[in-house]
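Commentary on secondary and tertiary structure
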Amino acid sequence: MTDFLESFTPGLPEQAVAAAPAPARRVWRHARVATLADTTGWGLIERGAIVTAGARIAWIGPESDLPALGKAAVEEHDLGGALLTPGLVDAHTHLVYGGDRAHEFELRLQGASYEDIARAGGGIRSTVAATRAASEDALFALAAGRLKTLRDGGVTTVEIKSGYGLSFEDEARCLRVARRLGRTGVGVRTTSLAAHALPPEFEGRADDYIAAVCDWLPMWHAQGLVDAVDAFCERIAFSTAQVERVFATAQSLGLPVKLHAEQLSDSGGAELAARFQALSCDHLEYLGAAGIAAMRAAGTVAMLLPGAYHFLRETQLPPVAALREAGVAMAVSTDHNPGTSPTLSLALMIHLACVDFRLTPEEAVRGATVNAARALGLADRGALAVDRRADFAVWDLEHPRELAYWFGHPACRATILGAT
Ligand code: NIG
Ligand code: FE
């Protein structure tokens, strides 16, 4: 076993192994580990240990079986019996924006609806104005603060959408900010959501705007700014025909797609997205049987967003029982954004997914780890096993079901990111 650990050099081609310095070994011991590595169950290891080599897990198992590491171990950490889980994955956020929408929140509490506010020129458009007015450094500083809060709450990978720039350069700025955030430690996947709303300069010309987005996408992609493409398919946003053009462009670039679908009405978005083998369909409160069948056939993840459901005082529940029955994988994310989900606690979303959407605690925790990673097309994280990324969250909890039980106060002691 020691030999194996000595020679473990993840991710390097064979010729490079001899020349490259051996990655640093770290040992994490005396933890109750929830691996989530099998298709069901928590995968609990009562007194577990993990050996990491650089950014990867080299060994995981009961501490009593821990191989002798000798000088190979550079650091040992005794976790004192704390709970260790895969780092959480927040697979749907709109983290980069200027301003806030607290005033609209007050209007909604007085009776205005989200759609009323959007049609009156507020909503997404007001955040677009604030985002365009902010410098790239200011956007970075704001988003970095939000990202730190997510990380302090257990998140080690985050998806970040654009969608508040809505011009070639403003969208590029937001995507550059997201890429820059990815160099600060937390894993970042970027998503172009240029088809989020119609910018004022294209008023009455939605098809022209979609044509522009289809022209811009290859350029953002060529600049290395885009990992996936999203759109908002809704009566206050874009039609299935318009989204289809955006998806066709994404497909021609080899980029995976996902969709804000059936959030306010059943618009047929999920079926369209499934035709493009979407990674996920997100929100889904108004999803019908045809959409579920299409998602099941395509292996598309159902991304549930209880923060937006709560904040919009929605009463239509996503069809969780039918999704479960169909075997569609369910994920849970914050949907952090200033208009419908200004939260930075993925653990709170795990709680709400259970109480409001009736997920089991295990489903909700899987939703924020292994299924969220799948919704990003990432097979190297979300569960703890040899060769997976060494991204962990350490909790002052005894059992992972408590991630769903406590709410509104942080129990995360630390996040551990790969080799850092
Ligand atoms: O995920 N549904 C569209 N997009 C966001 C909200 C955007 C906003 O209101 O700023 C969402 O809910
Ligand atoms: Fe969203």
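Residues numbered from 1 in each chain as written. Chains lettered and ligands numbered in written order. Predicted model: local features only at pLDDT ≥ 70, side-chain atom pairs only at ≥ 80, totals over all residues. Heavy atoms only, no water.

1. With respect to the site of ligand 1
Around ligand 1, 15 residues are found, and the nearest of them are Arg101, Tyr114, Tyr164, Gln263 and Thr340. Contacts to ligand 1 include tyrosine 164, whose side-chain N or O atom sits 2.6 Å from an oxygen atom. In this structure, an oxygen atom belonging to ligand 1 sits 2.9 Å away from a side-chain N or O atom of aspartate 335. When ligand 1 is considered free in solution it has 320 Å² of accessible area, and contact with the protein chains removes 100% of it. Grouping the amino acids of the shell around ligand 1 by side-chain chemistry returns four nonpolar, nine polar and two charged. (Near = heavy atom within 4 Å. Polar contact = N/O pair within 3.5 Å; in protein donor to acceptor, adjacent residues only side chain to side chain. Areas by Shrake-Rupley, 256 points an atom, 1.4 Å probe, with all protein chains shown as cover. Nonpolar A, V, L, I, M, F, W, Y, C, P; charged D, E, K, R; others polar.)

2. Considering the side chain of aspartate 282
Mapping aspartate 282 onto the fold places it in strand 11 (residues 280-283). The side chain of aspartate 282 is buried and forms no salt bridge, while lysine 161, the nearest opposite charge, is found at 4.6 Å. There is a polar contact of 2.8 Å between the side chain of aspartate 282 and the side chain of serine 280. Excluding its chain neighbours within four sequence positions, the residues that come into contact with aspartate 282 are His92, Lys258, Leu259, His260, Ala261, Met303 and Leu305. (Helix = DSSP H or I, 4+ residues; strand = E, 2+ residues; numbered from the N terminus. Buried < 20%, exposed > 50% of the residue type's maximum accessible area, 1.4 Å probe, protein only. Lys, Arg positive; Asp, Glu negative; His and termini not counted. Salt bridge = Lys/Arg side-chain N within 4 Å of Asp/Glu carboxyl O. Contact = heavy atoms within 4.5 Å.)

3. Some words on the pattern of salt bridges
Taken as a whole, this structure holds 30 salt bridges when the rule is applied. Arginine 205 serves as the salt-bridge partner of aspartate 208, at 3.2 Å between the closest nitrogen and oxygen. Exposure remark for aspartate 208: the relative accessible area of 39% places this residue in the partly exposed category. Residue arginine 324 pairs with glutamate 363 through a salt bridge whose shortest N-O separation is 2.7 Å.

4. What to know about unusual backbone geometry
Even without being a glycine, histidine 283 presents a positive backbone phi close to 90 degrees. Looking at the element boundaries, histidine 283 is found in strand 11. The exposure class of histidine 283 is buried, given its relative accessible area of 1%. Notably, leucine 284 is not glycine yet its phi reads approximately 75 degrees, a positive angle.

5. Remarks on the confidence of the model for the protein chain
Per-residue confidence for the protein chain gives a mean pLDDT of 93, with 95% of residues at or over 70. Ignoring residues within four places in sequence, the model shows residues 1-18, a span with pLDDT below 50, making 28 contacts including any to other chains. (pLDDT = per-residue confidence, 0-100.)

6. A word on the packing of helix 6 (residues 136-152) against helix 7 (residues 168-181)
Where helix 6 contacts helix 7, the axes come no closer than 10 Å and their chain directions differ by 45 degrees. On the basis of their axis angle, the class for helix 6 and helix 7 is oblique. Every pair of crossing elements has a handedness; the one defined by helix 6 and helix 7 is right-handed. Of helix 7, the residues touching helix 6 (which contributes Glu136, Asp137, Leu139, Phe140, Ala143, Ala144 and Leu147) are Arg173, Cys174, Arg176, Val177, Arg180 and Leu181. Residues belonging to the contact of helix 6 with helix 7 are distributed by class as follows: eight nonpolar, no polar and five charged. (Axes fitted to C-alpha atoms, helices over the stretch in contact; angles between N-to-C directions. Parallel < 35°, antiparallel > 145°, perpendicular 65-115°, else oblique. Left-handed = near helix turned anticlockwise from the far one by under 90°.)

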